Amino acid sequence: MRKFNVFDAEMTYEDSEPEPYRAGSHRFGPKIGATRLGATVYELPPGQAVCPYHYESEEEWLLVLQGEVTLRHPDGEDVLGPGDITAFPTGPAGAHQTTNKGTETVRMLMFANHDPIGYAAYPDSNKISFWSDSSDPADRVRVRRGKDLDYYDGEPLG
């Protein structure tokens, strides 16, 4: 049996992440043999967020392990503390952002189904990202929402 202790997770911080998105993380799903469900422990120093406000094609769950995190969602904001758990459904109803507005470090656990093809939309910046299981980097894209191409755009015709 494979196991992982979320309280002992060593965090990785990416130097390339800009303020206020400097969260530490440890993806451990594959370490316990998971292939269809992803799991990551996050560490949020004061003033930091995991990522911009977004929704996606994958369902996510959030469990707070330590500290208090401010959760922005379509109906406003709520503060969650240790032991609080919530789920974000797919699509706009599941939009969310987690931010540490307190003075102590937050540790939280996020679970999500792992779909090989999907999207994430960012309403504040009007972006959308698409990913696929293709090995071709051109099959992953992040663009502004709302620019709709004709179905036959770029296709040889006639």
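Further up the page is the structure itself.
Caption draft 1: How the structure looks around the environment of Arg-27. Tracing the backbone through its elements, the reader meets Arg-27 in strand β1 (residues 24-27). Classification of Arg-27 by relative accessible area gives exposed; the value is 63%. In sequence terms Arg-27 and Ala-39 are 12 residues apart; their C-alpha atoms lie 6.0 Å from each other.

Caption draft 2: Layout of the sheet that holds strand β8 (residues 97-99). Here 3 strands make up an open sheet; going across it, the order is β6-β5-β8 and the pairing antiparallel. This sheet does not close on itself; its edge strands, each paired only once, are β6 (76-80) and β8. The sheet shows a mean angle of 25 degrees between the axes of neighbouring strands, taken without regard to direction. The pairing of strand β5 (residues 69-73) with β8 spans 3 bridges and is antiparallel. Along β8, the bridge assignment pairs Arg-72 with Gln-97.

Caption draft 3: Region of interest: the sheet that holds strand β3 (residues 55-56). Taken in spatial order, the 4 strands make up an open sheet running β3-β10-β11-β12, and their pairing is antiparallel. Of all the strands in the sheet, the pair left with one neighbour each is β3 and β12 (141-144). Relative to strand β10 (residues 118-122), β3 runs antiparallel, the two being bridged by 2 bridges. By the bridge assignment, Glu-56 is partnered in β10 with Ala-120.

Caption draft 4: Layout of unusual backbone geometry. Along the chain, Glu-19 connects to Pro-20 via a cis peptide bond; the corresponding omega equals 0 degrees. The phi angle at Asn-126 is positive, at roughly 60 degrees, despite the residue not being glycine. Mapped onto the elements, Asn-126 comes out in the loop between β10 and β11 (127-131). By relative accessible area, which is 32% here, Asn-126 ends up partly exposed.

Caption draft 5: The packing of aromatic side chains, seen in detail. Applying the stated criterion to the full structure yields 3 aromatic pairs. Here Phe-4 and Phe-28 contribute two aromatic rings whose centre-to-centre distance is 4.5 Å and whose plane-to-plane angle is 10 degrees, an arrangement assigned as stacked. Remark: Phe-28 occurs in the loop between β1 and β2 (37-44) and Phe-4 occurs in the segment before β1; sequence separation between them is 24 residues. By relative accessible area, which is 26% here, Phe-4 ends up partly exposed. Under the relative-accessibility criterion, Phe-28 is labelled buried at 6%. Between Tyr-55 and Tyr-119, the aromatic rings sit 6.4 Å apart at their centres with planes inclined by 85 degrees, giving edge-to-face as the arrangement. In this pair, Tyr-55 sits in strand β3 while Tyr-119 sits in strand β10, placing the two residues 64 residues apart along the sequence.

About the criteria used
Residues numbered from 1 in each chain as written. Predicted model: local features only at pLDDT ≥ 70, side-chain atom pairs only at ≥ 80, totals over all residues. Heavy atoms only, no water. Helix = DSSP H or I, 4+ residues; strand = E, 2+ residues; numbered from the N terminus. Buried < 20%, exposed > 50% of the residue type's maximum accessible area, 1.4 Å probe, protein only. Pairing = 2+ DSSP bridges. Axes fitted to C-alpha atoms, helices over the stretch in contact; angles between N-to-C directions. Phe/Tyr/Trp six-rings, centres within 6.5 Å; stacked < 30°, edge-to-face > 60°.

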